[in-house]
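# Per-entry structural report
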Amino acid sequence: MKILVVGGGGREHAIIRKLKQNPQVTQITCLPGNAGIARDAKCVPIKATDIDGIVSYVRENPVDFAVVAPDDPLALGCVDRLHALGVKCFGPDAKAARIEASKVFAKNLMKKYNIPTAAYEAFEDADAALEYVQTCPLPVVVKADGLALGKGVTICMSREEAEAAVRAAMLEGAFGASGNRIVVEEFLEGPEVSVLAFTDGHVVKPMVSSMDHKRVGDGDRGPNTGGMGTIAPNPCYTPNVAKRCMREIFLPTIEAMKAEGCPFKGCLYFGLMITQDGPKVIEYNCRFGDPETQVVLPLLKSDLLTVMMAVENETLADTPVRFSDGAACCVMLASGGYPGKYEKGKTIDLGNAEAMAEIFHSGTALDADENLVTAGGRVLGVCCTAGDLQTAIERAYAAAGEVKWDGMIYRKDIGKQALSIQSRMKVYRGC
Ligand code: AMP
Ligand code: GLY
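What you are looking at is a predicted structure, and each value in this text was computed from that prediction instead of being measured.

### Quick notes on empty space enclosed by the protein
Within this structure, the stated rule accounts for two cavities of 30 Å³ or more. Taken as a whole, the largest cavity holds about 90 Å³ of empty space. Lining the largest cavity, in full, are Ile99, Glu100, Lys103, Ala106, Lys107, Met110, Lys143, Glu185, Ile282, Glu283 and Tyr284. Those elements giving two or more residues to the lining of the largest cavity turn out to be α5 (94-101), α6 (103-112) and β17 (278-285).

Now the structure itself:
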């Protein structure tokens with residue numbers, strides 16, 4: 001089988017490594033991929049957002065199955081266009097992708113179908129939003145409606161901060177058209193859990209839970225990033241929480257999307273907060289998370305392609321999705337300065353890391369002399385699985401210590417909080 005994967009980061013690298021385990025897969029093409037992915041798949045330099053380019057490539061180079069991984073092409077209707085060509089795909093169509101691409105859509109859906117989430121108001125008018133933040137309870141969270149590279153959320157402790165966040169989004173165009181509408185919502189507290197789930201629009205099969213580490217610095221300090229590391233399973237996701245999530249969030253969301261005429265097929269990512277009042281949705285993503293995928297897929301025992309095809313063919317109910325009993329840790333190695341300005345083109349020395357861990361490439365390239373160099377903010381994900389979380393973390397850090405480049409940064413405490421919580425919790429292991 002010939003497979004196409006759209007995207008070019010660590011998530012796509014992890015997906016490709018897993019797809020390759022199916023002996024029926026004869027060729028994987030990745031658009032655009034990166035230097036690491038090029039060792040596992042044929043990479044063609046067509047941007048993931050160039051939907052016309054992707055469609056004409058597929059017209060000339062037919063594939064049997066396509067996986068569209070990032071949010072932008074999904075929101076731009078890449079799956080709709082590939083379906084129109086008769087290509088089977090994994091990923092939601094544009095209508096279903098609104099669950100991530102529009103926070104107003106997602107919040108209204110949750111309100112209408114009683115899915116627990118933070119209380120909120122949506123605004124299209126800056127004056128009304130500015131007036132609202134003069135009296136709303138604090139802290140308050142201001143969110144741009146549309147996709148904003150994970151930067152559209154501002155947690156505001158004071159009215160001045162809230163006012164500034166509203167102005168930045170709605171009047172100063174900080175997030176482009178994504179900030180034309182905003183959601184202002186209640187600040188929630190509690191541990192966060194990411195649950196990725198396969199769904200074919202009818203049934204939902206959650207994967208093993210995970211925990212992201214979004215802030216750039218140790219101890220959750222500094223600005224938000226795309227994710228500096230992950231562990232799985234998440235010890236806060238107890239059997240009781242898992243049961244409540246299924247009943248109160250996962251199934252109602254699938255039913256709600258169906259009832260709205262936009263059944264969701266693909267990987268639905270539930271960003272959850274476990275509050276005093278139970279689990280609540282912080283955000284939905286219409287795709288695999290990055291770097292959640294890098295810890296979740298290595299623990300998947302079932303064949304990924306079989307599951308993805310079952311999602312597309314709406315036969316997920318009959319397809320087992322099993323995970324191993326182990327644990328996984330991914331430490332992200334990033335460029336100095338990230339998530340702000342950073343330099344590219346630094347030569348990477350992997351040392352012995354590849355023998356010690358699975359290395360998923362997020363932002364790498366080859367220079368004119370074929371040396372591996374940095375080409376993004378997040379550069380490499382160093383991932384290990386083991387029978388227990390502590391060992392997975394130790395192994396990932398041992399391998400991360402092998403890698404060097406000028407200005408490399410990484411968090412030293414990925415999984416630390418999870419380990420301390422774990423000693424008090426019994427963990428649920430997916431379906
Ligand atoms: P998002 O980009 O929607 O994932 O939000 C980024 C981060 O902001 C989340 O992972 C949370 O840590 C935080 N956040 C978002 N919404 C809320 C909220 N209502 N209350 C507290 N924290 C939030
Ligand atoms: N790691 C969070 C995300 O993929 O959005």
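There is more to say, and it comes next.
### Here's the deal with the environment of Val241
Here Val241 is to be found in helix α9 (residues 239-259). Here Val241 is in contact with Cys236, Ile274 and Pro279, once residues within four sequence places are set aside.

### Regarding the site of ligand 2
Taken together, Asp212, Gly226, Tyr269, Asn285, Arg287, Gly289, Asp290, Pro291 and Glu292 form the complete shell of residues around ligand 2. One of the side-chain N or O atoms of Glu292 is found 2.9 Å from a nitrogen atom in ligand 2. When the residues that make up the shell around ligand 2 are grouped by side-chain class, the tally is two nonpolar, three polar and four charged.

### Considerations on the site of ligand 1
Not every one of the 15 residues close to ligand 1 is listed here, only the nearest: Glu185, Glu186, Leu188, Glu192 and Glu283. Starting from 480 Å² of accessible surface for ligand 1 in isolation, the protein chains cover 92%. If you list the elements that add at least two residues to the shell around ligand 1, you get β7 (140-144), β8 (153-156), β9 (182-186) and β17. Split by residue class, the shell around ligand 1 holds eight nonpolar, no polar and seven charged.

### A word on the packing of aromatic side chains
Tallying each qualifying case throughout the model produces eight aromatic pairs. Ring plane angle 70 degrees and centroid distance 6.2 Å describe the contact between Phe90 and Phe198, whose orientation is recorded as edge-to-face. With Phe90 in strand β5 (residues 89-90) and Phe198 in strand β10 (residues 192-199), this residue pair connects regions lying 108 residues apart in the sequence. Classification of Phe198 as buried rests on a relative accessible area of 0%. Ring plane angle 40 degrees and centroid distance 4.3 Å describe the contact between Phe250 and Phe270, whose orientation is recorded as tilted.

### Things to note about the sheet that holds strand β2 (residues 27-32)
Read from one edge of the open sheet, five strands run β3-β2-β1-β4-β5, paired in parallel fashion. The open sheet has two edge strands, β3 (42-43) and β5, and neither has a second partner. Taken together, the six bridges between strand β1 (residues 2-7) and β2 define a ladder with parallel strand orientation. Across the sheet, the residue bridging to Ile3 is Ile28, located in β2. Along the sheet, helix α2 (residues 51-60) contacts β1, β2 and β3; its crossing angle with β1, the most-contacted strand, is approximately 170 degrees. With respect to the sheet, helix α11 (residues 304-313) is in contact with β1, β4 (65-68) and β5, its orientation differing from that of β4 by roughly 90 degrees.

### Notes on the pattern of salt bridges
Tallied over the entire structure, the rule returns 25 salt bridges. Salt-bridge contacts for Asp71 lead to Arg287; the nearest nitrogen and oxygen are separated by 3.9 Å. In this pair, Asp71 is assigned in helix α3 (residues 71-75) and Arg287 in the loop between β17 and α10 (293-296), connecting sequence segments 216 residues apart. Of the two residues, Asp71 and Arg287, both sit in the buried class. Salt-bridge contacts for Arg167 lead to Glu163; the nearest nitrogen and oxygen are separated by 3.3 Å. Residue Arg167 and its partner Glu163 are both found in helix α8 (residues 159-170); the two are separated by four residues, about one turn of the helix. By relative accessible area, which is 33% here, Arg167 ends up partly exposed. Residue class for Glu163 comes out partly exposed when judged on its relative accessible area of 23%.

The rules behind these values
- Residues numbered from 1 in each chain as written.
- Chains lettered and ligands numbered in written order.
- Predicted model: local features only at pLDDT ≥ 70, side-chain atom pairs only at ≥ 80, totals over all residues.
- Heavy atoms only, no water.
- 1 Å grid on protein atoms, 1.4 Å probe; cavity = no way out; pocket = protein on both sides within 12 Å on 5 of 7 lines; lining within 4 Å.
- Points joined across faces, edges and corners; volume = space filled by probe spheres on them.
- Helix = DSSP H or I, 4+ residues; strand = E, 2+ residues; numbered from the N terminus.
- Contact = heavy atoms within 4.5 Å.
- Near = heavy atom within 4 Å.
- Polar contact = N/O pair within 3.5 Å; in protein donor to acceptor, adjacent residues only side chain to side chain.
- Nonpolar A, V, L, I, M, F, W, Y, C, P; charged D, E, K, R; others polar.
- Areas by Shrake-Rupley, 256 points an atom, 1.4 Å probe, with all protein chains shown as cover.
- Phe/Tyr/Trp six-rings, centres within 6.5 Å; stacked < 30°, edge-to-face > 60°.
- Buried < 20%, exposed > 50% of the residue type's maximum accessible area, 1.4 Å probe, protein only.
- Pairing = 2+ DSSP bridges.
- Axes fitted to C-alpha atoms, helices over the stretch in contact; angles between N-to-C directions.
- Salt bridge = Lys/Arg side-chain N within 4 Å of Asp/Glu carboxyl O.

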